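# Architecture and fold: a report
Take a look at the letters that make up each chain.
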Amino acid sequence: MTGWDLPEALEIAGRSEPIRADFREVLEVIRLLDDAAEPPEARAFLAMGVFYRNFAALPPALRGQAMEAMLRFLAGGEEDSGPAGPRLIDWQQDLPLIVADVNKAAGCEIRALPFVHWWTFLAWFGAIGEGQLSAVVAIRDKLRRGKKLEGWEREFYQRNRARVDLKPRYTPEEQAERERLNRLLKD
């Protein structure tokens, strides 16, 4: 691959494996990978089942390589650059902000396009610049680091707290424990 290519298949152990490369499908893959309700192995299996067009035909011995190739594709073709930083964007929660700002960068309504390759979407995402999403992410970052918010940021945060605060994700066990504790506190 040269960087100019927009792959619609990935090479796994010398095999060309067709993938679903449209941004909508890839966002579904990311949602599945982030689903705390499922164990990690199930998340990986479900995500690869959506991502690879012929996943059922992929030999089980190649699934580890397939997972690595999928994650590299999700990262825009880049190798892992080390440990991930704190989560500042939630692809599902922030979807309205992301779409609005990507539309601005793309100069069109991207959801109306029949196909937008994930890497094209990432390029537009990277070109967002200033907008609601960048304001929300900047406020999240300041709050995470304990930095003081400027006046307009404080006001924005007070009016948009539900949009700014990342919703926690709980496993079913954690959710059951939270509900049990809430019942105890109410008694």
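Residues numbered from 1 in each chain as written. Predicted model: local features only at pLDDT ≥ 70, side-chain atom pairs only at ≥ 80, totals over all residues. Heavy atoms only, no water.

### So, the packing of aromatic side chains
Stated formally: Here a Phe, Tyr or Trp ring, Trp counted by its six-membered ring, pairs with any other such ring whose centre lies within 6.5 Å, and the pair is stacked when the planes are under 30 degrees apart, edge-to-face when over 60, and tilted otherwise. We count a stretch as a helix when DSSP gives it H or I for four or more residues in a row; a strand needs E for two or more, and each element gets its number in order from the N terminus. Note on classification: 1.4 Å probe, protein chains only; a residue is buried when its accessible area is under 20% of the maximum for its type, exposed when over 50%, partly exposed between these limits.
According to the stated counting rule, one finds nine aromatic pairs in the structure shown. Their ring planes at 5 degrees and their centres at 4.9 Å tell us that F23 and F121 sit as a pair that is stacked. Of this pair, F23 sits in helix α1 (residues 23–34) while F121 sits in helix α5 (residues 118–126), and the two are 98 residues apart along the sequence. Residue F23 shares its accessibility class with F121, and that shared class is buried. For the ring pair F51 and F73, a centre distance of 5.4 Å and an interplane angle of 55 degrees mean the geometry is tilted. Taken together, the residues span a long stretch of sequence, with F51 in helix α2 (residues 40–51) and F73 in helix α3 (residues 63–74) at a distance of 22 residues. The burial state of F51 is the same as that of F73; both residues are buried. Put simply, the rings of F23, W91, W118, F121 and F125 pair up and form one aromatic cluster.

### Brief notes about the pattern of salt bridges
Where we set the bar: By definition here, a salt bridge exists when the distance from a side-chain nitrogen of Lys or Arg to a carboxyl oxygen of Asp or Glu is within 4 Å.
Within the structure shown, the criterion is met by 11 salt bridges. When the shortest N-O distance is used, the salt bridge between E109 and R111 registers 2.8 Å. Overall, the relative accessible area of 51% leaves R111 in the exposed class. With a shortest N-O distance of 3.1 Å, D141 and R145 are connected by a salt bridge. On the criterion of helical spacing, the pair formed by D141 and R145 is a turn pair, its members being four residues apart in helix α6 (residues 132–145). On the accessibility criterion, D141 (18% relative accessible area) is buried.

### So, the nonpolar core
Rule in force here: Grouping buried Ala, Val, Leu, Ile, Met, Phe, Trp, Tyr and Cys residues that are joined through side-chain atoms within 4.5 Å yields what is termed a nonpolar core. Contacts were defined at the residue level, with two residues in contact if any of their heavy atoms lie within 4.5 Å.
Membership of the largest hydrophobic core comes to 45 residues, with the highest contact counts inside it found for F51, Y52, M70, F73, W91, W118 and F121. Those elements that provide at least two residues to this core are β1 (9–12), α1, α2, α3, α4 (95–106), α5, α6 and α7 (151–159). With seven residues, α1 is the largest single contributor of residues to this core. With near-sequence residues (within four places) excluded, W118 lies in contact with A21, F23, V26, L27, I30, F73, L74 and W91.

### A look at the pairing of β1
Our working rule: Each pair of strands is called paired provided DSSP finds at least two bridges between the two strands.
Burial along β1 is one-sided: the face carrying L10 and I12 is buried and the face carrying A9 and E11 is not. Where β1 meets strand β2 (residues 15–18), four bridges bridge the pair, whose relative direction is antiparallel. Its bridge partner lying in β2, E11 is registered against S16.

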